[in-house]
Every structure is written in structure tokens, then in C-alpha cells.
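Close look at the chain arrangement
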Amino acid sequence: MGTTVLHSAVLLACVFHLLGCCLAEDPPVYFDWVVSYISIAPLGVKQEVISINGQFPGPVVNITTNNNVAVNVLNDLDEPVLISWDGIQHRKNSWQDGVLGTNCPIPSGWNWTYQFQVKDQIGSFFYFPSINFQRAAGGFGGIAVNNRAVVPLPFGTPDGDFTIFIGDWYNRNHKDLRNDLDDGKSLRMPDGVLINGKGPYRYNTSLVPDGIPYETFNVHPGKTYRIRVHNVGISTSLNFRIQNHNLLLVETEGSYTVQQNYTNLDIHVGQSYSFLITMDQNASSDYYVVASARFVNESQWPRVRVSGVAVLHYSNSKINASGPLPDPPSDLFDKTFSMNQAKSIRWNLTASGARPNPQGSFKYGEIAVTQVYLLKNTPLTLVNGKRRAMVNEISFSHPTTPIRLADQFNETGVYKIDFPFNGTLNGPPRISPSIINATYKAFLEIIFQNNDSKVVTYHLDGYAFFVVGMDYGEWTEASRRTYNKWDGVARCTIQVYPGAWTAILVSLDNVGIWNLRVENLDNWYLGQETYLRVVNPEHTNKTELPPPINVLYCGRLQSKQRPQVTHHERSSSAWSSLRGHNLVTDLLVILIAVIFL
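Now for a quick tour of the structure. Source: prediction; values computed, not measured. (Residues numbered from 1 in each chain as written. Predicted model: local features only at pLDDT ≥ 70, side-chain atom pairs only at ≥ 80, totals over all residues. Heavy atoms only, no water.)

**Here we look at the overall build of the chain**
Summing up its helical and strand segments, the chain has seven helices and 33 strands in all. Residues classed as buried in the chain amount to 59% of the 597 residues present. In the chain, the proportion of contacts linking residues at least 24 apart, taken out of those at least 6 apart, comes to 79%. With an accessible surface of roughly 22,500 Å², the chain has 51% of that area assigned to carbon and sulfur atoms. (Helix = DSSP H or I, 4+ residues; strand = E, 2+ residues; numbered from the N terminus. Buried < 20%, exposed > 50% of the residue type's maximum accessible area, 1.4 Å probe, protein only. Contact = heavy atoms within 4.5 Å. Areas by Shrake-Rupley, 256 points an atom, 1.4 Å probe, with all protein chains shown as cover.)

**As for the side chain of Thr493**
Inspection of the secondary structure assignment puts Thr493 in strand E30 (residues 493-496). Among the polar contacts made by the side chain of Thr493, one reaches the side chain of His459 at a distance of 2.9 Å. Setting aside anything within four residues of it in sequence, one finds Thr493 in contact with Glu253, Val269, Gly270, Gln271, Thr457, Tyr458, His459, Phe465 and Glu519. (Polar contact = N/O pair within 3.5 Å; in protein donor to acceptor, adjacent residues only side chain to side chain.)

**Some thoughts on the pairing of strand E4 (residues 68-75)**
Burial analysis of E4 places eight of its eight residues in the buried class, the great majority of the element. On E4, burial covers both faces: Asn68, Ala70, Asn72 and Leu74 on one face and Val69, Val71, Val73 and Asn75 on the other are all buried. Summarising the sheet, strand E1 (residues 28-40) and E4 pair through eight bridges and their orientation is parallel. Paired with Pro28 across the strands is Asn68, a residue of E4. As judged from the seven bridges shared by E4 and strand E6 (residues 111-117), these two strands associate in the antiparallel manner. Of the residues in E6, the one forming a bridge with Leu74 is Asn111. (Pairing = 2+ DSSP bridges.)

**Some remarks on the nonpolar core**
Counting residues in hydrophobic clusters, the biggest one holds 105 residues, and the most contacted among them are Ile166, Phe240, Phe275, Leu312, Phe448, Leu508 and Leu532. Counting residues per element, this core draws most heavily on strand E31 (residues 500-507), which supplies six residues. With near-sequence residues (within four places) excluded, Phe240 lies in contact with Ile164, Ile166, Ile227, Val229, Leu247, Asn264, Leu265, Ile267, Phe275, Val289 and Val290. (Core = buried A, V, L, I, M, F, W, Y, C linked by side-chain atoms within 4.5 Å.)

**Topic: the packing of aromatic side chains**
All told, the structure shown has 30 aromatic pairs when counted by the stated rule. With a centroid separation of 6.1 Å and an interplanar angle of 80°, the aromatic rings of Phe128 and Trp524 are classed as edge-to-face. One end of the pair, Phe128, is in strand E7 (residues 123-129); the other, Trp524, is in helix H6 (residues 521-525), and 396 residues separate them in sequence. For the pair Phe128 and Trp524, one class covers both residues: buried. Here the aromatic rings of Phe140 and Phe165 are separated by 5.8 Å at their centres, their planes lie at 45°, and the arrangement is tilted. Note that Phe140 is positioned in the loop between E7 and strand E8 (141-146) and Phe165 in strand E9 (residues 160-169), a separation of 25 residues in sequence. Across the pair, Phe165 and Phe140 agree in class, each one buried. (Phe/Tyr/Trp six-rings, centres within 6.5 Å; stacked < 30°, edge-to-face > 60°.)

**So, the side chain of Arg135**
Mapping Arg135 onto the fold places it in the loop between E7 and E8. Residue contacts for Arg135: discarding those within four places in its chain leaves Phe128, Pro129, Phe140, Val232, Gly233, Ile234, Val269, Glu519, Leu521 and Trp524.

**Some words on the pattern of salt bridges**
Once the charged atoms of two side chains with opposite charge are near each other, the side chains can pair. As enumerated under the stated definition, the model contains 24 salt bridges in all. Here Arg226 makes a salt bridge to Glu251, at a shortest N to O gap of 3.1 Å. With Arg226 in strand E12 (residues 224-231) and Glu251 in strand E14 (residues 247-252), this pair connects stretches of sequence that are 25 residues apart. Taking relative accessible area as the criterion, Arg226 reaches 6% and is therefore assigned buried. Here Glu251 falls in the buried class, since its relative accessible area comes to 0%. Asp407 is paired through a salt bridge with Arg533; the nearest N and O atoms lie 2.8 Å apart. Pair noted here: Asp407 is in helix H5 (residues 403-408) and Arg533 is in strand E33 (residues 529-535), with a separation of 126 residues, a long-range link. The exposure class assigned to Arg533 is buried, which follows from its relative accessible area of 17%. One network of salt bridges, with partners in common, ties together Asp86, Arg135, Asp461, Arg517 and Glu519. (Salt bridge = Lys/Arg side-chain N within 4 Å of Asp/Glu carboxyl O.)

**With respect to the environment of Ser39**
Here Ser39 shows up in strand E1. The partly exposed category is assigned to Ser39, whose relative accessible area is 46%. In this structure, the C-alpha to C-alpha distance between Ser39 and Ser51, residues twelve residues apart in sequence, is 9.5 Å. Non-local contacts of Ser39, meaning those with residues more than four positions away in its chain, are made with Lys46, Gln47 and Glu48.

**Notes on helix H2 (residues 174-182)**
Buried within H2 are the following residues: His174, Leu177, Arg178, Asp180 and Leu181. Burial along H2 is one-sided: seen end-on, the buried residues are contained in an arc of 150°. The elements touched by buried residues of H2 are E1 and H6. At the N-terminal boundary of H2, the capping side chain belongs to Asn173, with an oxygen 2.6 Å from the backbone nitrogen of Lys175. Downstream of H2 by one or two residues, Gly184 has phi in the positive range, about 85°. (Arc of directions from axis to C-beta.)

**Some details on the sheet that holds strand E18 (residues 287-293)**
One open sheet accounts for five strands, arranged E11-E19-E18-E13-E16; its pairing is mixed. Strand pairing shows two members of the sheet lacking a second neighbour, strand E11 (216-219) and strand E16 (265-267), which therefore form its edges. Pairwise comparison of adjacent strand axes, ignoring direction, gives a mean angle of 25° for this sheet. The pairing of strand E13 (residues 238-242) with E16 spans three bridges and is classified as antiparallel. Across the sheet, residue Leu238 finds its bridge partner in E16, namely Ile267. (Axes fitted to C-alpha atoms, helices over the stretch in contact; angles between N-to-C directions.)

**Remarks on unusual backbone geometry**
Trans is the common state for peptide bonds, and a negative phi is the common state for residues other than glycine. Cis peptide bonds are those with omega within 30 degrees of zero, and the linkage from Phe56 to Pro57 qualifies with -10°. One can find Pro57 in the loop between strand E2 (47-52) and strand E3 (61-64). Phi at Asp120 takes a positive value of approximately 50°, unusual for a residue other than glycine. Within the secondary structure layout, Asp120 lies in the loop between E6 and E7. Assessed through its relative accessible area of 29%, Asp120 is described here as partly exposed.

And the structure:
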């Protein structure tokens, strides 16, 4: 073992020397993570949550455009895990996507190293465990991709940067929650809303019990801070606001937006936003930071559960935050206010993105659409005796062999290329590994029609798409006349209101197998997803990287998997958790990945 470590250390030094000499503009960034359970009581009830290096939420991945990122994950849970990097586009590299369609799960006790480049990206995203309903237990953290020094920000440099996670929360174990779903039961109302993994500040002594830990954001008068807000919850849309302070929206999921002030903003499950907040209020007192549930029946979900509350603390404040919380929007059941707010978010056509040229120079409205997909979802339905969620009357079931791996080794019959494109299915609803056989370099129009009674958010891995329209009622061909073909914002997660539709445009220039899903965790778990299979007919690694040397095998390809020495002890060294044969292998993978990129 000592010889292996010595040789590996020499190899590591050589790799980083080579990267530093030859790829100075694209430096490597390494993270070493242990994914494990810790016991906390965010709402006063002790429970196990999933932590990263003992932190809940996990650490922020703070990186810069074009960095080559390596994240070594040691799975210290009692079940397999996959980490998904929501919004990171993995150019030419779906092998690192961290979902079941592309990756075999990391077994308990094993480590696996993700390697990817944040190629030509900026913005605010988050990571989370993508299988086994684990996101309900945590395991999430922020990703902040910063501009390179040569690319100016479209606003003044902030005096500080905060990452804020908001989300509904259950006191029950994630395994119990998924068992309920497996048994055909609906999830009960959440037990509360967390802000940065903590419960509400005791703004009302009769509603909030004593002893609940809460989050405090420490600020200085007159300073301006960037706050990145992520809804990492299970199924609840949340309204975010800071008492007496304006939220200047500047970015969402990798795109700078037209800068405009909001007193509050609806943030739906899986969505991320950046705001600038100027500390221009009376600095002698503290202020509420609130995330409250939207579109829920308060008679079923008591008010104590509806709001997450943190504290904005000025450095010279002498008075605690007090009084009633700032009012939420009043349209509890009329969602027009929320939709109009969403339509007001537009792309900043003059801001530079990850490159010096303006991010709006891509004139998406002038590109001819080559494929159209109408995707309809409906309320949960019994299929073969199981309660399932569906898109176009198909509930997706994952094959035991990941789709991308099956393609690589010419394993036939693993999935079906029969996903209906017009919202309906010829025949009864079914459970199937049905995917979209998309065309490389096609320009897709996708219309999401929500025939359910709740807000859902759709996410597409590997891409940013242009949000061109949304409205109530059924989408028709005439709806295209309302499209925004000039400054619709580019992002990766978009809400669809009940009884309404949302339309997006996306250019399929990224080869791979890419997950298209709802971010509402219960519906996703029950099958409301599919995959886009984007294949270049020319076999070349210029459009897609080869599989990494450390690729995991499962399903039909299980016999190809080499054994790995399992271990559960926490490592004090960033590299000492890479043991056995994988140590040398993973270092080689980093070098090979960077060379191909």
C-alpha cells in the first residue's frame, strides 16, 4: 500500500505539473467528499440526514469558468448513491451526469471520482443525490461558477456572496417516505420549511417552539451582497422575500437577466436565482428572511409549517427582528400574479456570459424548428396496479443497465425508442423505459402541458433552453404567436402551472443521453421523466468523450466490474481515500479527461 501511495503521489504531481504548464487557462480543481449520515434536529425532531464531509447542507463548489473539476465521492451511506450536478452542462460528457440513465450507482463503501469541465458556463446551480429519494434527506449543496477575470460582471463587484437553500422538509426518514410512495400512498403535508438546513426563527412564540436552530446572515450597513437562492425541496413552490429590502434579480441558472427589483419572488422546486441586496435600511435592527409555501391549503398545512424564517443581522443592530412576517402574495389560488412574475424575467442581451461576447448574441428566434414535442402530464394514475406519474401516458422505468452504457457496448433491448411526440399514446398507459431518439444538431420545440392540479417544474440535463412562452389553457398552434423570440431567458429548470403550458426551444448540440424530468421529487420517483438520446452519426470523440477509465458496470455488464476495496473510515487527507487500484486509475482519468477537453 505504501508503494502504491508513493507512486500515486508522484503521478499526481506529474499530472498537476502537466496541467499547470500546458493548460494554464483551464486549471484543475479537486474536491474530496465523504457522503454519510449525521443526526440533527432541524425542526426539533432528531433524525438522520445526508451530509457531505459532515456538513448539512453540503459545501459550496466555488469554481471558475472552464475549470476542470474532479470530485472524489466516498459513499459512506448504507445504500448506493449518485450525485447529479443540476445545470452543469457536461459538454461532450454525459458519463458524468450522475443519473441512472448514464451511470451505475456508487455502491456503499466505494469511492468514485467525477471529472468534468464547466465549459463556457457561469452562474448558480446545485448538486444533490439523484436516486432512492435521497434528496429528501439532504446531500445537496451549491455550485457557484464565477466569471473569468477577463469577462466583466454586468454589475459592480458585490461585497459578499451568500448561498441560501430553501425547501419543504419532513421529519420522517427518506426511506419511510419512499416506502409510502412504493405502497401507493401520497406523501403527507411536509413538517416545515428549512433555510440552510435550519428551522424557523421564533418570530411567534405560540407557533414556533423554543430551541429550534435558525440561520443568521451577518451583513454590514451600506454594503451590497449577492445571494444565490436554491429551492432544494421535495414538491412545494416557495415565495422568497427579505423584510423591507428589494431583491435585484441579476442571474438565473447560468444566464444574466435584465436587472429589475422584486419585493418577493416565487421560486419553484429545483430552481435557482441570484439577487443583489443592498443593506440600505435602518441598521439598528434585524430583519426577517422568509421562504413561505405557495399554492397550499393552510387548513391542511398549519401556518407554523408554511414559513421558513431566518434573520438578516446588521453588524451594529441592537434590536431583534419582531412583529408579523412580511406579507406573501395574496393570490393563493389565482396563480396569475405568479405567472406574470415569471414572464417578467428576461435575458440580458448585452451582458457578457462566460465569454467576452454578449450572451444574447445567439439569436434563437431566427432558427428554424426541426422537431416538436408536446409533453403532457396528468395526475397520478394506477398502471398495472401501481400508482405512477407519467409523461404522455408513459411512466418511465429504469433498466438495470444504464442507457448510455448499453449503447457503448451494443446491448440491445435495454430501452425503447418509442416515446410519443404528440402528448398521447396509442393504447393504455404503460410503465416502460421509453426514450426520445433525438437528432443531433436539431432545434427542438418542447411544450409542457400540465394537466395536474399542482405546479410542476421540468429540468433538462446537459443543456440550457430558451423559455419562450407560458399561458393558461391548452396549447394550440396559435399559441406560437405569443412566443418571446427575442429575450426569453436561457435556463435549465422551468415551472408549468396547473391547467397551463410552458414552451421552450433547445439546440441539441451536446451529444449524450440526457435526462428530462420533473424536479418534484415524488413525481420524479414515480416515473415522470424520460431521456433524450442525442447521437452523432459520425463516431468521433470531438463531440463526445469516451467512457472514463473508472466507469462503473452494473446490470448486464456487471461481469466487467473490477472489485474495489471497501472502507468506511473518514480520511484526513484529500487523496488518501482513493485506495486500491482506483487511486492510479482516477488520476489517469483526470489527465485523459483534460486532454480530450
